[in-house]
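Topology and contacts: notes
Spelled out from the first residue to the last, the chains are:
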Amino acid sequence: MYIVLVILLGVGVYGRPNVRFQGPIRGLGQTLLQLSSSRGSVCQGKGQLSDRLLGYVKAKDANGDGVYTGNEMAAYISKLDADKDGVLSEQEGINYFVHKMNFSEEFYKLQYLADTPQVHHSKLNDTKVILATELIHATLGSLVELCEGNQTLYLTNCDCLQLTHSCVSRTELKSTIPCAEFLSRQFQSTKSC
């Protein structure tokens, strides 16, 4: 029940005029809105999820051509490799993904560890090519998996709390398969209430 209300809150607050809070949902929706914007909010100081996601992809695609190559991957890992041992450690990843990019540690554990090869960055080359759109899809897919896998995160995790708004409001994200499928499931679950 709470998840449906959070999703309604995210959609209702951000400009979907056909979605309105009714009866007790209206009061709870307002309470959740106040909670998410209150001083003690889990999102305080983190910025918008959509900006963080697109910034993450932009940081990996150094020349902005929409393709993430092996050379860019090596340069990206080298930049984050604080101890210069040639491998991005878990702590170095946390320092960047959690402390600099402001993603949650839960998201880091699911996405970033799987995304970052634990090989010496000098061994990476241009044989690996990933389109920036594929990187966005994979990153969003991991986040959707995280949030749907543990729905209490919609109340305690900023990444999950902002997911609906990011999928609805940002053109670059709403056209992705993970966002489209996520929103479809969320709107189907609101119809059943």
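Please refer to the structure higher up on the page.
To start, this report covers the structure provided alongside it. A quick note: this is a predicted structure, and the numbers were derived from the prediction, not measured.

Here we look at the packing of aromatic side chains
- Using the criterion set out here, one finds 7 aromatic pairs in the structure.
- Considering the side-chain rings of Tyr-56 and Phe-103, the 6.1 Å spacing of their centres and the 75° angle between planes classify their relative orientation as edge-to-face. In this pair, Tyr-56 is assigned in helix α3 (residues 49–60) and Phe-103 in the loop between α5 (90–100) and α6 (105–115), connecting sequence segments 47 residues apart.
- Tyr-56 gets classed as buried once you look at its relative accessible area, which sits at 0%.
- A relative accessible area of 0% places Phe-103 in the buried class.

Description of the state of the cysteines
- One pass over the full model with this rule turns up 3 disulfides.
- Covalent S-S linkage joins Cys-43 and Cys-158, the inter-sulfur distance amounting to 2.3 Å. The disulfide joining Cys-43 to Cys-158 has a torsion of about 120° about its S-S bond and is therefore right-handed. Highlighted residues: Cys-43 in the loop between α2 (23–37) and α3 and Cys-158 in helix α9 (residues 158–161), separated in sequence by 115 residues.
- Residue class for Cys-158 comes out buried when judged on its relative accessible area of 5%.

Details of unusual backbone geometry
- The phi dihedral of Lys-84 is positive, around 55°, even though this residue is not glycine.
- Since its relative accessible area comes to 57%, Lys-84 is described here as exposed.
- Of note, the phi angle at Asn-102 is positive, near 70°, even though the residue is not glycine.
- Note that Asn-102 resides in the loop between α5 and α6.
- A relative accessible area of 22% places Asn-102 in the partly exposed class.

Description of the environment of Lys-60
- As for its placement among the helices and strands, Lys-60 is situated in helix α3.
- Sequence-wise, Lys-60 and Ala-132 are 72 residues apart; in three dimensions their C-alpha atoms are separated by 8.6 Å.

A few points about the nonpolar core
- Counting 37 residues, the largest nonpolar core has Tyr-56, Phe-103, Leu-143 and Leu-163 as the members making the most contacts within it.
- When contributions to this core are tallied by element, the ones reaching two or more residues are α3, α4 (70–80), α5, α6, α7 (132–149), α8 (153–156), α10 (163–169) and α12 (177–191).
- Element by element, the count of residues in this core is highest for α7, at 8 residues.
- When sequence neighbours within four positions are dropped, the list of residues in contact with Leu-163 reads Leu-49, Leu-140, Leu-143, Val-144, Cys-147 and Phe-182.

Quick notes on the rules
- Residues numbered from 1 in each chain as written.
- Predicted model: local features only at pLDDT ≥ 70, side-chain atom pairs only at ≥ 80, totals over all residues.
- Heavy atoms only, no water.
- Phe/Tyr/Trp six-rings, centres within 6.5 Å; stacked < 30°, edge-to-face > 60°.
- Helix = DSSP H or I, 4+ residues; strand = E, 2+ residues; numbered from the N terminus.
- Buried < 20%, exposed > 50% of the residue type's maximum accessible area, 1.4 Å probe, protein only.
- Disulfide = S-S within 2.5 Å.
- Core = buried A, V, L, I, M, F, W, Y, C linked by side-chain atoms within 4.5 Å.
- Contact = heavy atoms within 4.5 Å.

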